[in-house]
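# Examining the three-dimensional arrangement
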Amino acid sequence: MKTLEDFQSQIRSVLRDHGRLKQDVSGLGADDDLYQHGMTSHASVNVMLALEGAFDIEFPDHMLKRSVFCSIAAIERALTELTAG
Amino acid sequence: MKFDGQARALRPVPLVFEAPEGSCFGWLHPAQGVSRSTGVVLCRPMGYEALCSYRTYSLLAETLAQAGFDVLRFDYQGTGDSAGLDTDAGRVTAWLESIEAAVGHIKRIAGVSRVALFGVRLGATLAVEAAGRMGGVDSLVLWAPCVTGRAFVREMRAASANRSMGTSDAGPDELDAMGCLYTARTLEQLQALDCTRVQQPPARQALIIARDDMPAEGPLPGKFRELGMAVTSANWPGYAAMVSDPLDAVLETATLDAIAGWLSATEPRRELAPAVRSALPALPENYAMDGVRESAQRFDADQSLFGILCEPAEGRSETAVLMLNVGGNYHIGPHRMYVKAARALAMAGYSSLRFDLAGIGDSRMPAGSSVDSMYFRDAMPDVRAAIDFLAQKGYRRFCLLGVCSGAYVAFQTALLDARVSGQILMNPRLLEWEAAPRDGWQASMRRHYKSIGYYRRALLRSNLYQRLLRGEVDVKGVAHRMGMLLTARLSRAMTALLRRTGTDVGVLPSLRSLGARGCNTLMIMSEQDDAMDYVEFHLGKRGSRLKADPNFRLVMMEHSDHTFSTHASQRMVIDIVRDHLDQQQQPAPAWGGIPARVAAT
């Protein structure tokens, strides 16, 4: 079972590779706005796809919205919901 | 016109061919040297990815032509420079029919007997589907293919939801994403595309190149092998860089060479000595596109700049609008806005030239150049060459139009060339560039924020405080921008105090001198865009320092983003520009009639 630290670590890894952020992801807080830090809508799609690959899940249509991908904490909440059970 | 191969360097030739739902624009890259018997048709991805990958497609076409293939790269009906709109019904049918028409066309004009299809992303999906329907396709080269249309639609849905600004007028069953509007019927057709459902081999062989940023083989190679196709799977670099940004797109020439090598391995050159190739097709002129006339044009001293002249079907005014590149976006403009604007203006009687500066799109690539920032390059001579060309065509009034860096080029050209009678500047983030900047604007505008006005207004809304408390606002970055703005204001005040007079250089006096010369300026600004900070610093709140100037007007647009990515905001921009040109035709300035939902000052 994945711990919260595992989740955060993997999310940060995906953001590092696909988020096109203007600063190093290690310097971002869990609630920092990823869009404010340079993530474009195009990059956010790649983040979504990479998260789906990393966690072997698929975001349902109702989760394809800005608030789900706006911060590390928001992504973590969505992943927790999708991987529960 | 049909021709055969001949061993001499042949330039790519623009052409127009007919597809069932309308004309398609494309480029033929003739085989260099002894040609092969195979023509290659390049199928573009959609929207933003098509824009970003434009140079890669051009270079791949050149690479394949050097290897002896005749190559046709083209725009599907409703995209790029072709006829039609993305809002037309059932686009997938039109895209597939465009591919079939392109295949027929290259067979006719190049005399090739075999055809290979190349596609990136949805272009690959469409290539598989079209090959399955047509039959007779020899090879498929699929780069980062969307295995299903459903996967593509999900990505577009996510991209649309994650857009930061830009109100869309898409209906409940439509999708406005990455610069394209997908209608309900188009979405339904996209959902039905599935490369794994093919029952017959769509081609003899396939090369499938995985995404380099998410390498995974996916189900396609296995499926195609089951059908008896010869399949090569590759993990070659280039995809992620190719589609990251129109300006920063990095061309992975090794991968393009490898693609040419793979195709060449099974496609021998013709053994017979080639006949002398007859004259290549002439530049297409005065062809009908959406009710107006267009002509592909080369100009400048060595005919090395390229553009498309769009004119009314009948008659014309003396005014020509020159549409200037935005960053690395080629001449169709951001999200194809220049094509839509050009045709709408031609319907209203105005001609336009949408063209590429050197180093961009289909114009010359200066040796050793890359797509540098428009602020570093000396682009103004290219614009003046375009004015020369239009003057030779009989035009007398020249209006420069540009978004962001295109606005910078427009402004700087207007200062240099007295023939410029008007300029339309949209969301300029900088209008001057200095090797040794006097203030912090150049450095600061490298980062995008929303306008300071937006943050001020947001302070009145409780949800900003909630976001601040959650740390969701880049407080440090916004504070830095505010600090820079304050410093610049102080610096300007000190300079004025010491000189006891206003400075005679800078954006404001330059605009005043243009106005005095009779050159009118229309600024179109997105209210939330941080270009507002730059403009208001120089021109006062909503351009108040130029309020008395009859040759200056600033129009604010609510809910639009930096490059007017949504269908709704593009339509509004086009309406504003057309109204502006109409008013310029009147004997005396008579401002008014600004469309609803737009605040004018």
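Calculation notes
- Residues numbered from 1 in each chain as written.
- Chains lettered and ligands numbered in written order.
- Predicted model: local features only at pLDDT ≥ 70, side-chain atom pairs only at ≥ 80, totals over all residues.
- Heavy atoms only, no water.
- Salt bridge = Lys/Arg side-chain N within 4 Å of Asp/Glu carboxyl O.
- Helix = DSSP H or I, 4+ residues; strand = E, 2+ residues; numbered from the N terminus.
- Buried < 20%, exposed > 50% of the residue type's maximum accessible area, 1.4 Å probe, protein only.
- Pairing = 2+ DSSP bridges.
- Axes fitted to C-alpha atoms, helices over the stretch in contact; angles between N-to-C directions.
- pLDDT = per-residue confidence, 0-100.
- Contact = heavy atoms within 4.5 Å.
- Expected span 1.5 Å × (residues − 1).
- Parallel < 35°, antiparallel > 145°, perpendicular 65-115°, else oblique.
- Left-handed = near helix turned anticlockwise from the far one by under 90°.
- Nonpolar A, V, L, I, M, F, W, Y, C, P; charged D, E, K, R; others polar.
- Right-handed = clockwise from strand over helix to strand, strands pointing away.
- Phe/Tyr/Trp six-rings, centres within 6.5 Å; stacked < 30°, edge-to-face > 60°.
- Lys NZ or Arg CZ within 6 Å of the ring centre and 35° of its normal.

## Looking at the pattern of salt bridges
Residues and elements named next belong to chain B. Taken as a whole and judged by the stated rule, the model has 29 salt bridges over all chains. When the shortest N-O distance is used, the salt bridge between aspartate 382 and arginine 364 registers 3.3 Å. With aspartate 382 in helix H11 (residues 380-392) and arginine 364 in the loop between strand E15 (351-356) and H11, this residue pair connects regions lying 18 residues apart in the sequence. Under the relative-accessibility criterion, aspartate 382 is labelled buried at 7%. Accessibility expressed as a relative area gives 27% for arginine 364, which makes it partly exposed. Bridged by salt links that share partners, the residues Asp81, Asp290, Glu294, Arg343 and Arg354 form one connected network.

## Here's the deal with the sheet that holds strand E2 (residues 22-29) of chain B
Residues and elements named next belong to chain B. Spatial ordering of the open sheet is given by E1-E2-E4-E3-E5-E6-E9-E10, a layout of eight strands whose pairing is mixed. Each edge of the sheet is formed by a strand with only one pairing partner; in this case those strands are strand E1 (13-19) and strand E10 (230-234). In this sheet, neighbouring strand axes are inclined to one another by 20° on average, regardless of whether the strands run parallel or antiparallel. Two strands pair when backbone bridges link them, and strand E6 (residues 139-143) and strand E9 (residues 205-209) are joined in this way by five bridges, in the parallel orientation.

## Re the confidence of the model for chain B
In regions of low pLDDT, the predicted coordinates are not meant to be interpreted in detail. All names here are of chain B. Chain-level statistics for chain B give a pLDDT mean of 86 and a share of 79% at 70 or above. Every residue in residues 1-8 scores below 50 in pLDDT, and together they form 36 contacts with partners more than four places removed in sequence or on other chains. Model confidence for the complex: the whole-complex pTM is 0.86, and ipTM, which rates the interface, is 0.83.

## Examining helix H4 (residues 122-134) of chain B
All names here are of chain B. Between its terminal C-alpha atoms H4 stretches 18 Å, which fits the 18 Å expected from 13 residues at 1.5 Å a residue. Among the residues of H4, Leu122, Gly123, Ala124, Thr125, Leu126, Ala127, Val128, Ala130 and Ala131 are the ones counted as buried. Two residues or fewer after H4 comes glycine 135, characterised by a positive phi angle close to 75°.

## Comments concerning the packing of helix H2 (residues 41-55) of chain A against helix H5 (residues 149-161) of chain B
At a closest axis distance of 8 Å, the pairing of H2 of chain A and H5 of chain B adopts a crossing angle of 130°. Accordingly, the angle class assigned to the pair H2 of chain A and H5 of chain B is oblique. Note on packing geometry: the crossing formed by H2 of chain A with H5 of chain B is right-handed. Seen from H2 of chain A, the contacting residues are Ser41, Val45, Met48, Leu49 and Glu52 of chain A; seen from H5 of chain B, they are Arg154, Glu155, Ala158 and Ala159 of chain B. Here the residues of the contact of H2 of chain A with H5 of chain B are counted per class, giving five nonpolar, one polar and three charged.

## Topic: unusual backbone geometry
Residues and elements named next belong to chain B. Notably, asparagine 286 is not glycine yet its phi reads approximately 55°, a positive angle. Topologically, asparagine 286 is positioned in the loop between helix H9 (253-266) and strand E11 (287-289). Asparagine 286 gets classed as partly exposed once you look at its relative accessible area, which sits at 43%. A positive phi angle, near 65°, is found at arginine 336, a position not held by glycine. Position of arginine 336 relative to the elements: it lies in the loop between strand E14 (319-324) and helix H10 (337-347). Taking relative accessible area as the criterion, arginine 336 reaches 7% and is therefore assigned buried.

## Focus: the environment of leucine 416 of chain B
Among the structural elements, leucine 416 of chain B can be located in helix H12 (residues 405-416). Apart from residues lying up to four places away in sequence, leucine 416 of chain B is in contact with Met380 and Arg384 of chain B.

## So, the environment of aspartate 81 of chain B
Residues and elements named next belong to chain B. By secondary structure assignment, the location of aspartate 81 is in the loop between strand E4 (70-74) and helix H3 (91-110). For aspartate 81, a relative accessible area of 1% puts it in the buried group. Taking the C-alpha atoms as reference points, aspartate 81 and aspartate 212, 131 residues apart in sequence, are found 30 Å from one another. Leaving out residues up to four positions away in the same chain, aspartate 81 has contacts with Phe25, Asp75, Met289, Glu294, Ile308, Tyr330, His331, Ile332, Val339, Arg343 and Arg354.

## Concerning the pairing of E10 of chain B
Residue and element names in this part refer to chain B. Relative to E10, E9 runs parallel, the two being bridged by five bridges. Within E10, the residue paired with leucine 207 across the bridge is threonine 232. Handedness of the E9-helix H7 (residues 220-226)-E10 crossover: right-handed.

## Regarding the environment of serine 421 of chain B
Residue and element names in this part refer to chain B. Within the secondary structure, serine 421 sits in strand E17 (residues 420-426). With 262 residues separating them along the chain, serine 421 and alanine 159 place their C-alpha atoms 40 Å apart. When sequence neighbours within four positions are dropped, the list of residues in contact with serine 421 reads Arg397, Phe398, Cys399, Gly518, Cys519 and Asn520.

## Topic: the pairing of E14 of chain B
Residues and elements named next belong to chain B. Among the six residues that make up E14, six are buried, leaving the element largely enclosed by the rest of the structure. What you see with E14 is no split at all: Thr319, Val321 and Met323 on one side and Ala320, Leu322 and Leu324 on the other are buried throughout. Bridge count between E14 and strand E16 (residues 397-403): six bridges; the pairing is parallel. The partner of leucine 322 across the bridge, within E16, is leucine 400. Examined bridge by bridge, E14 and E15 share four bridges and lie parallel to one another. Bridge pairing in E15 links methionine 323 to arginine 354. Viewed along the sheet, the connection from E14 through H10 into E15 turns out right-handed.

## Structural notes on the packing of aromatic side chains
With the rule as written, the count across this model stands at 14 aromatic pairs over all chains. Consider the rings of phenylalanine 25 of chain B and tryptophan 27 of chain B, whose centres lie 6.4 Å apart with planes at 85°: the pair is edge-to-face. As far as burial versus exposure is concerned, phenylalanine 25 of chain B and tryptophan 27 of chain B are alike and both buried. These aromatic residues form a ring-pair network of at least three members: Phe17, Phe74, Tyr76 and Trp95 of chain B. Between arginine 66 of chain A and the ring centre of tyrosine 35 of chain A, over which it is positioned, the NZ or CZ distance is 3.9 Å. The ring centre of tyrosine 395 of chain B lies 4.0 Å from the NZ or CZ of arginine 316 of chain B, which sits over that ring.

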